[in-house]
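Coordinate inspection notes
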Amino acid sequence: MIDDPVTPKRRLEDRPSRRLRKGMYILPSLFTTANIGFGYYAILQTTHGSVSEPWHFDFAAKAVGFAVLFDGLDGFIARMTRTTSDFGRELDSLADVITFGVAPALLAWMWGFRQLPALWGSSELTGKLGQLGVIASFLFLIAGASRLARFNITANAQPSNPGRPGKKYFVGMPIPAGAGVIAAVVHFSGGDPIASLWSCITWALIIMAAGYLMVSTWRFYSFKGIDFRSRHPFRLIVLLGLLFAAIWFFSQYVLFTIALTYMASGVIWRLQWLFRRKGSPPTPPYKPISQTS
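Every value quoted in this text rests on a predicted model; they were computed, and no experiment measured them. (Residues numbered from 1 in each chain as written. Predicted model: local features only at pLDDT ≥ 70, side-chain atom pairs only at ≥ 80, totals over all residues. Heavy atoms only, no water.)

Turning to helix H7 (residues 234–249), a few remarks are in order. Taking 1.5 Å of rise per residue, the 16 residues of H7 would be expected to cover 22 Å, and the 23 Å separating its terminal C-alpha atoms lies within 8% of that figure. For H7, the tally of buried residues reaches only zero of 16 residues, placing the bulk of the element at the surface. (Helix = DSSP H or I, 4+ residues; strand = E, 2+ residues; numbered from the N terminus. Expected span 1.5 Å × (residues − 1). Buried < 20%, exposed > 50% of the residue type's maximum accessible area, 1.4 Å probe, protein only.)

Structure representation (structure tokens):
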């Protein structure tokens with residue numbers, strides 16, 4: 001039998017190493033582990049925070065912000081290297097419950113309600129506000145866990161407002177964005193706890209609104225449609241560079257604006273769809289056509 005001279009045979013040393021292939025599966029899990037580490041650090045910093053040491057709350061908020069970055073990187077790397085696995089998905093969900101559920105819920109309560117002074121000289125009112133904070137924080141936590149559970153079991157979900165199902169939109173606000181809202185508000189204040197009645201009530205409404213948006217079926221942009229391998233990535237690189245520079249020098253204002261704008265985007269799209277549907281003419285009733293022989 002004569003060997004085909006046209007088709008080159010792959011040498012044994014040119015074949016990809018099986019050990020290297022297995023190592024690639026560990027890479028996304030390392031970023032997920034870092035995600036858990038940031039969540040644990042945020043919890044530790046939150047428990048040390050107080051009115052006299054508010055920087056602990058700011059450190060906790062920054063840890064949640066870094067966790068949001070690492071959460072996006074582990075999925076991006078897994079898709080880029082084609083190393084997605086059932087273990088990685090389950091580990092990522094458990095990490096999200098800790099870092100974007102427990103940690104921000106505890107931070108929201110400790111920063112916004114636990115450090116309240118005796119408002120109007122009434123310790124009873126302060127205690128009631130603390131109970132309100134417990135309820136709001138728990139609702140945020142259970143909403144985030146429910147959001148993750150729905151995401152894990154739902155394939156190709158359809159948002160209730162316009163938008164085709166697929167990777168372009170999330171159905172409901174993702175839990176990292178909900179945690180980012182809490183972290184951005186705390187970081188915007190520099191970690192100084194809330195000390196007024198109306199700020200406390202507003203904070204409770206923000207927490208519950210974030211929880212509701214996570215379990216809603218409203219659409220939120222996923223940013224998965226951005227192609228980093230396009231032929232003209234220069235504009236995208238410039239925009240990302242400007243964004244990172246703005247965050248580096250003006251993180252309090254930029255992150256606060258980004259978090260609340262993304263949170264409001266789902267509400268705006270929903271309202272836009274409602275007004276558009278209300279203004280559209282009603283669909284005429286179906287009339288069967290009589291057939292004559």
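Turning to the side chain of His-187, a few remarks are in order. Mapping His-187 onto the fold places it in helix H5 (residues 175–188). A polar contact of 2.6 Å, which involves the side chain of His-187, links it to the side chain of Asp-58. If we ignore the near neighbours within four places in the chain, the residues touching His-187 are Asp-58, Ala-61, Lys-62, Ser-251, Gln-252 and Leu-255. (Polar contact = N/O pair within 3.5 Å; in protein donor to acceptor, adjacent residues only side chain to side chain. Contact = heavy atoms within 4.5 Å.)

Our focus in this paragraph is a nonpolar patch on the surface. A grouping of Phe-188, Trp-248, Phe-249, Phe-250 and Tyr-253 is seen on the molecular surface, where their side chains present a nonpolar patch of about 690 Å² in accessible area. Within the secondary structure, Tyr-253 is located in helix H8 (residues 251–279). On the accessibility criterion, Tyr-253 (53% relative accessible area) is exposed. (Patch = residues over 30% accessible without salt bridge, like charges linked within 9 Å, V, L, I, M, F, W, Y side chains within 5 Å. Areas by Shrake-Rupley, 256 points an atom, 1.4 Å probe, with all protein chains shown as cover. Salt bridge = Lys/Arg side-chain N within 4 Å of Asp/Glu carboxyl O.)

Our focus in this paragraph is the packing of aromatic side chains. Under the counting rule described, the total for this entry stands at 10 aromatic pairs. Arranged with centres 5.8 Å apart and planes meeting at 15°, the rings of Phe-38 and Phe-66 form a pair that is stacked. On the criterion of sequence distance, the pair formed by Phe-38 in helix H1 (residues 18–48) and Phe-66 in helix H2 (residues 55–81) is long-range, its members being 28 residues apart. On the accessibility criterion, Phe-38 (23% relative accessible area) is partly exposed. Considering the side-chain rings of Tyr-169 and Trp-269, the 5.8 Å spacing of their centres and the 90° angle between planes classify their relative orientation as edge-to-face. (Phe/Tyr/Trp six-rings, centres within 6.5 Å; stacked < 30°, edge-to-face > 60°.)

Under the counting rule described, the total for this entry stands at one salt bridge. A salt bridge links Lys-62 to Asp-58, with the shortest nitrogen-to-oxygen separation between them at 3.8 Å. With a gap of four residues between them, Lys-62 and Asp-58 both fall in helix H2, about one helical turn apart. Taking relative accessible area as the criterion, Lys-62 reaches 37% and is therefore assigned partly exposed.

In terms of nonpolar packing, the biggest core is built from 47 residues, with Leu-107, Trp-111, Phe-140, Met-173, Trp-203, Ile-207 and Phe-220 touching the most fellow members. Listing elements by their share of this core, those giving two or more residues are H1, H2, helix H3 (86–114), helix H4 (123–153), H5, helix H6 (197–215) and H8. Considering every element that reaches this core, the biggest residue donor is H5, with nine residues. Discounting residues that sit within four places of it in the chain, Met-173 has contacts with Arg-147, Gly-178, Ala-210, Leu-213, Met-214, Phe-220, Tyr-262 and Met-263. (Core = buried A, V, L, I, M, F, W, Y, C linked by side-chain atoms within 4.5 Å.)

Of the residues in the protein, 77% have a pLDDT of 70 or more, and the chain-wide mean is 82. Element-level pLDDT for the protein is lowest in H1, with a mean of 83, against a maximum mean of 96 in H5. For the stretch residues 283–293, pLDDT sits under 50, and the model shows zero contacts to residues farther than four places along the chain or on other chains. (pLDDT = per-residue confidence, 0-100.)

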